[in-house]
Amino acid sequence: MTDSIAADATLAPAKPATRPARPHFSSGPCAKPPGYDPAKLATDVLGRSHRSKLGKQRLQYCIDLMRDLLNLPDTHRIGIVPGSDTGAFEMAMWTMLGARPVTALAWESFGEGWVTDAVKQLKIDPIVIRADYGQLPDLTRVDWSNDVLFTWNGTTSGVRVPDGDWIAADREGLCFADATSGVFAYDLPWDKIDVATFSWQKVLGGEGAHGVLILGPRAVERLESYTPAWPLPKVFRLVSKGKLTEGVFKGETINTPSMLAVEDAIWALEWAKGLGAGGLIKRSDANAAALDAIVAERDWLGHLAQDAASRSKTSVCLTVDADEAVIKKMVSLLEAEGAAFDIGGYRDAPPGLRIWCGATVDTADIAALGPWLDWAYATAKAA
């Protein structure tokens, strides 16, 4: 008897021979740095008060490492605050907005979140400049006599501002930059940023729960000269008797931090210090370039952000020539095979893939992902 295969039968494509060594491509929390091992963390401070001499030293050391890596001028203060990047940005909004008109830029879900909070919670009426997912608003429309809110790198859309040239040097309002997917991956113009926020869980691959708030001198002046009309929750209060609570920016956190998360961040920062700020940026650039090459070779894969000048080099969002069910199947297949974890697009974004290309990801793993995307696409389409 001769075996035969029906002419219309679909053969399952062969699985690639090589998997990414670290298939962690989530856009938050992101991949741990290469060589990470919890056993390597310093633990002397665990079980101790964060207000002990050792606790304050470790918190201040964490702040010093961030300042050094970011090349942050002495004029800017760094504080570790509760609630991840969201908590840090909310703290800035609640304590400083209302002194003058506000412009909010929104081209992805987190920017829209700041608009919602400004309108529904703070009851202010901002000028809103929007763009669809994959697009950047017209930055020339921004009036810098207003306070301006924006995301430096739109994590859920893969669209970023191209640089800081559009920010007025002689601005009257404050520049509020949610920089959580941009800090450590781009060379940020600190002379143009009055308020910046981020979390360790992005480019550093740290743990969540804690945010970082960076204040320039103009932001401090606002805090000390303006009292909002609304009541402030205790965890948002940065001023006492009309003066900035300087302890917050010297390791004296407003609420109790996780010292384990702090030690985790310190380990990542020490790893990053070995590369330097330029080294972190180069790693992100190399990863984004490797993924871009994968996209360019496949007619069924594309970038949600069409303009390369405003395309994210960290949270890269991709379109797939398939319906949502096929895309979800691809994501499930890749996770089951241990080839890629957590690469589905954000829930509010158009259906697609989102692949983190920050500095903690190895370029070889991005390159190894390409054939697996082919396999998952073919398998999901066949199903």
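Everything numeric here is computed off the predicted structure, so don't read it as measured data.

J.: For helix H2 (residues 84–96), give the residues involved together with the corresponding values.
T.: At 3.6 residues per turn, the α-helix brings residues three or four places apart onto the same side. Its 13 residues place the ends of H2 19 Å apart at the C-alpha level, agreeing with the 18 Å of an ideal helix rising 1.5 Å per residue. The buried fraction of H2 is high, at twelve of 13 residues. Residues Ser84, Asp85, Gly87, Ala88, Phe89, Glu90, Met91, Ala92, Met93, Trp94, Thr95 and Met96 constitute the buried set of H2. Glycine 98, located one to two residues past H2, shows a positive phi value of around 105°.

J.: How would you explain helix H6 (residues 324–336) if you had to name every residue and give the values?
T.: Its 13 residues place the ends of H6 18 Å apart at the C-alpha level, agreeing with the 18 Å of an ideal helix rising 1.5 Å per residue. Taken as a whole, H6 has its buried residues at Val326, Ile327, Met330, Val331, Leu333 and Leu334. The arc that holds every buried residue of H6, seen down its axis, measures 165°, which confines them to one face. Facing away from the buried surface of H6 by more than 90 degrees, the exposed residues are Ala325, Lys328 and Ala336. Looking at the buried side of H6, the elements it contacts are strand S13 (315–320), strand S14 (353–356) and helix H7 (363–382).

J.: Can you explain the domain arrangement of the protein? Please cite residues and give values.
T.: Taken domain by domain, the protein consists of domain 1 (38–275) and domain 2 (279–382). Averaged C-alpha coordinates put domain 1 and domain 2 at centres separated by 28 Å. Each partner contributes residues to the interface: domain 1 has 27 residues there, and domain 2 has 25 residues. A buried area of about 2000 Å², summed over both sides, lies between domain 1 and domain 2, and 63% of it is on carbon and sulfur atoms. Linking domain 1 with domain 2 are ten residue pairs in polar contact (both at pLDDT 80 or more).

J.: Please set out the packing of aromatic side chains residue by residue, giving values where relevant.
T.: When we look at a pair of aromatic rings, we describe it by the centre distance and by the angle of the planes. Throughout the structure, instances matching the rule amount to ten aromatic pairs. Ring pairs connect the aromatic residues Trp144, Phe150, Trp152 and Trp166, which therefore count as one cluster. A cation over a ring is seen here: lysine 32 above tyrosine 36, with NZ or CZ 4.8 Å from the ring centre.

About the criteria used
- Residues numbered from 1 in each chain as written.
- Predicted model: local features only at pLDDT ≥ 70, side-chain atom pairs only at ≥ 80, totals over all residues.
- Heavy atoms only, no water.
- Helix = DSSP H or I, 4+ residues; strand = E, 2+ residues; numbered from the N terminus.
- Expected span 1.5 Å × (residues − 1).
- Buried < 20%, exposed > 50% of the residue type's maximum accessible area, 1.4 Å probe, protein only.
- Arc of directions from axis to C-beta.
- Contact = heavy atoms within 4.5 Å.
- Domains from an automatic or database assignment.
- Buried area = accessible area lost by both parts, 1.4 Å probe.
- Polar contact = N/O pair within 3.5 Å; in protein donor to acceptor, adjacent residues only side chain to side chain.
- Phe/Tyr/Trp six-rings, centres within 6.5 Å; stacked < 30°, edge-to-face > 60°.
- Lys NZ or Arg CZ within 6 Å of the ring centre and 35° of its normal.

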